[in-house]
Amino acid sequence: FISQFFRIPLIISVSLLSLGAIYLGYVRLIVSFIALVCSIFLFRGIRFGRPTKEIFGSYFKFALPLMLIGLAAPLSQSVDKVMIGLFYSDIEVGYYVGADRLFTNLNAFRNLIIAVYFPAIAAIYTKKGSLQQIKEFTYRVEKFTVILLSFISAIIFIYSENLISLILGVNFLESALILKLL
């Protein structure tokens, strides 16, 4: 939250002043430094000790898959654009990126559902809830998620041309088919 709080106004300022990509890099550096200072301030009273072998092994067993995902995620987010750029022109890449940006905004719904679902599962588990209660809750969440996302997807599919022209402009109308396919 802290980095977003500082990053967005700085990026807007750099963009409005037409300072260029180098200054956007400086914005990332400044925001990272601010986040580091805030983290040090927030953790100033917490004592850290040397981890035991059991804790380190448990952490490594848990964190290794997450580290691999963290390394693979940027590649998976960019490889499609690179492949399109190899076979098609920059204009087609632009059409794809425009539609892809609209499509990835649906991830906000996924993140909202995850932000509510996992704490609710943890609450059921800590109250000594049975596995059957967790399964029933998961079934209800899945059902409502499918209904909600199906409705949103249908709206996007039906009104893709209108959405593209409204959000991206009429120059990107060729992105409507791409948005439907995504």
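Residues numbered from 1 in each chain as written. Predicted model: local features only at pLDDT ≥ 70, side-chain atom pairs only at ≥ 80, totals over all residues. Heavy atoms only, no water.

1. Some points on the overall build of the protein chain
When helices and strands are tallied, the protein chain shows eight helices and zero strands. Element order for the protein chain, N to C, with α for helix and β for strand: α-α-α-α-α-α-α-α. For the protein chain, whose C-alpha radius of gyration is 22 Å, the value lies well above the compact-globule estimate of 16 Å for 182 residues. In terms of overall dimensions, the protein chain has a C-alpha envelope of 55 × 45 × 30 Å along the principal axes. Expressed as a percentage of contacts within the protein chain between residues at least 6 apart in sequence, the contacts between residues at least 24 apart total 44%. Looking at the protein chain as shown, the accessible area adds up to about 14700 Å², and 71% of this sits on carbon and sulfur atoms. (Helix = DSSP H or I, 4+ residues; strand = E, 2+ residues; numbered from the N terminus. Rg over C-alpha atoms; globule rule 2.2 N^0.38 Å. Contact = heavy atoms within 4.5 Å. Areas by Shrake-Rupley, 256 points an atom, 1.4 Å probe, with all protein chains shown as cover.)

2. Things to note about the nonpolar core
Of all hydrophobic cores here, the largest spans eight residues; its members are Ala 99, Leu 102, Leu 106, Ile 152, Ile 156, Ile 164, Ala 176 and Leu 179. Where this core is concerned, the elements lending two or more residues are helix H4 (90-104), helix H6 (131-158) and helix H8 (175-181). Residues contacting Leu 179, with those up to four places away along its chain left out, are Ala 99, Leu 102, Phe 103, Ile 156, Ser 160 and Ile 164. Membership of the second largest hydrophobic core comes to six residues, among which are Ile 121, Ile 124, Ile 134 and Phe 137. (Core = buried A, V, L, I, M, F, W, Y, C linked by side-chain atoms within 4.5 Å. Buried < 20%, exposed > 50% of the residue type's maximum accessible area, 1.4 Å probe, protein only.)

3. A short note on the environment of Ser 165
Following the sequence through the fold, Ser 165 ends up in helix H7 (residues 160-167). Along the backbone, Ser 165 and Lys 127 are 38 residues apart, and their C-alpha atoms lie at a distance of 50 Å. Residue contacts for Ser 165: discarding those within four places in its chain leaves Val 170 and Leu 173.

4. Regarding the packing of helix H1 (residues 2-16) against helix H2 (residues 21-42)
Viewed as axis vectors pointing N to C, H1 and H2 meet at an angle of 160°, and their least axial separation amounts to 9 Å. On the basis of the axis angle, H1 is roughly antiparallel to H2. Once H1 is placed against H2, the crossing between them reads as right-handed. Of H2, the residues touching H1 (which contributes Ile 2, Ser 3, Phe 6, Arg 7, Leu 10, Ile 11 and Val 14) are Tyr 23, Leu 24, Val 27, Ile 30, Val 31, Ile 34 and Cys 38. (Axes fitted to C-alpha atoms, helices over the stretch in contact; angles between N-to-C directions. Parallel < 35°, antiparallel > 145°, perpendicular 65-115°, else oblique. Left-handed = near helix turned anticlockwise from the far one by under 90°.)

5. Side note on the confidence of the model for the protein chain
Taken as a whole, the protein chain shows an average pLDDT of 82; of its residues, 99% reach a score of 70 or greater. Across the protein chain, the secondary-structure element scoring lowest on mean pLDDT is helix H5 (residues 107-126), at 79, and the one scoring highest is H2, at 88. (pLDDT = per-residue confidence, 0-100.)

6. Considerations on H1
Between its terminal C-alpha atoms H1 stretches 22 Å, which fits the 21 Å expected from 15 residues at 1.5 Å a residue. Just past H1, the residue Ser 18 takes up positive phi, approximately 55°. (Expected span 1.5 Å × (residues − 1).)

7. Some points on the environment of Ile 2
Following the sequence through the fold, Ile 2 ends up in helix H1. It is 38 Å that separates the C-alpha atoms of Ile 2 and Ile 158, two residues lying 156 residues apart in sequence. Residues in contact with Ile 2, not counting those within four places in the same chain, are Ile 34 and Cys 38.

8. Things to note about the packing of H5 against H6
Packing of H5 against H6 brings their axes to within 11 Å, and their N-to-C directions diverge by 170°. It follows that H5 is roughly antiparallel to H6 by the angle criterion. Where H5 approaches H6, its residues Phe 109, Ile 113, Tyr 117, Ala 120, Ile 121 and Ile 124 are matched on the opposing element by Gln 133, Ile 134, Phe 137, Thr 138, Val 141, Thr 145, Leu 148, Leu 149 and Ile 152.

9. A closer look at the packing of aromatic side chains
Inspection of the entire model under this criterion finds four aromatic pairs. The interplanar angle of 80° and the centroid separation of 5.7 Å between the aromatic rings of Tyr 23 and Tyr 26 together place this pair among those described as edge-to-face. Taken together, the residues span about one helical turn, with Tyr 23 and Tyr 26 both in helix H2 at a distance of three residues. What makes Tyr 23 partly exposed here is its relative accessible area of 40%. Cation over ring: Lys 143 sits above Phe 144, and NZ or CZ is 5.1 Å from the ring centre. Here Lys 180 stacks its cationic end above the ring of Phe 157, 5.3 Å away from the centre of that ring. (Phe/Tyr/Trp six-rings, centres within 6.5 Å; stacked < 30°, edge-to-face > 60°. Lys NZ or Arg CZ within 6 Å of the ring centre and 35° of its normal.)

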